[in-house]
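For reference, the chains in residue letters:
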Amino acid sequence: MEQGLLEEVEGLLPWRHLNALQTVGYTELFDYLLGNCSLEAAVEEIKKNTRHYAKRQLTWFRKGIDVQWFSPQSDAAIINYCQSGITGKG
């Protein structure tokens, strides 16, 4: 929100029906802009829906696909992994 999400969504309001805009953050702010809820309620919904989305992502990643996790600060480890040619596909 501090980086201009509301202003971005305002500019996209005419295209709110497009599938690409049916995402967390946009959907809730479209509701606000259409007068269906307060800005505070929309922000709370964004927070809630973001948590739910993140939980679904983690559940999906735990289903056995081969994923190599790194800390965002692990630049050297990420570079080494990429340069090693390891793809996880055997």
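Bear in mind that the values here come from a model prediction, so they are computed numbers and not experimental data. (Residues numbered from 1 in each chain as written. Predicted model: local features only at pLDDT ≥ 70, side-chain atom pairs only at ≥ 80, totals over all residues. Heavy atoms only, no water.)

Visitor: Quick question: what am I supposed to make of the nonpolar core here?
Guide: Among soluble globular proteins, nonpolar side chains are generally buried collectively. The biggest cluster of nonpolar side chains holds 8 residues, and these are Leu6, Val9, Leu21, Tyr26, Leu29, Phe30, Ala42 and Ile46. Top contributing element to this core by residue count: helix H2 (residues 26-33), with 3 residues. Apart from residues lying up to four places away in sequence, Leu6 is in contact with Met1, Leu29, Tyr32, Leu33 and Leu39. (Core = buried A, V, L, I, M, F, W, Y, C linked by side-chain atoms within 4.5 Å. Buried < 20%, exposed > 50% of the residue type's maximum accessible area, 1.4 Å probe, protein only. Helix = DSSP H or I, 4+ residues; strand = E, 2+ residues; numbered from the N terminus. Contact = heavy atoms within 4.5 Å.)

Visitor: Before we go on, may I ask you to explain the packing of aromatic side chains in this structure?
Guide: Between two aromatic rings, the relevant description is the distance of the centres plus the angle of the planes. By the definition in use, this model includes 4 aromatic pairs. Centre to centre, the rings of Phe70 and Tyr81 are 5.4 Å apart; their planes meet at 65°, and the pair counts as edge-to-face. Taken as a pair, Phe70 in the loop between helix H3 (39-61) and helix H4 (75-84) and Tyr81 in helix H4 lie far apart in primary sequence, 11 residues in all. Residue classification places Tyr81 among the partly exposed residues on the basis of a relative accessible area of 22%. Members of the aromatic cluster, each reached through a chain of ring pairs, are Trp60, Phe61 and Trp69. (Phe/Tyr/Trp six-rings, centres within 6.5 Å; stacked < 30°, edge-to-face > 60°.)

Visitor: Sorry, what's going on with the packing of H2 against H3 here?
Guide: Each pair of packed helices can be summarised by the angle the axes make with each other and by the distance between the axes. Where H2 meets H3, the axes come as close as 9 Å, and the angle between the chain directions of the two elements is 165°. Taken together, the axes of H2 and H3 lie roughly antiparallel to each other. Note that H2 runs across H3; the crossing there is right-handed. Residue-level contacts link Glu28, Leu29 and Tyr32 of H2 to Leu39, Ala42, Glu45, Ile46 and Asn49 of H3. (Axes fitted to C-alpha atoms, helices over the stretch in contact; angles between N-to-C directions. Parallel < 35°, antiparallel > 145°, perpendicular 65-115°, else oblique. Left-handed = near helix turned anticlockwise from the far one by under 90°.)

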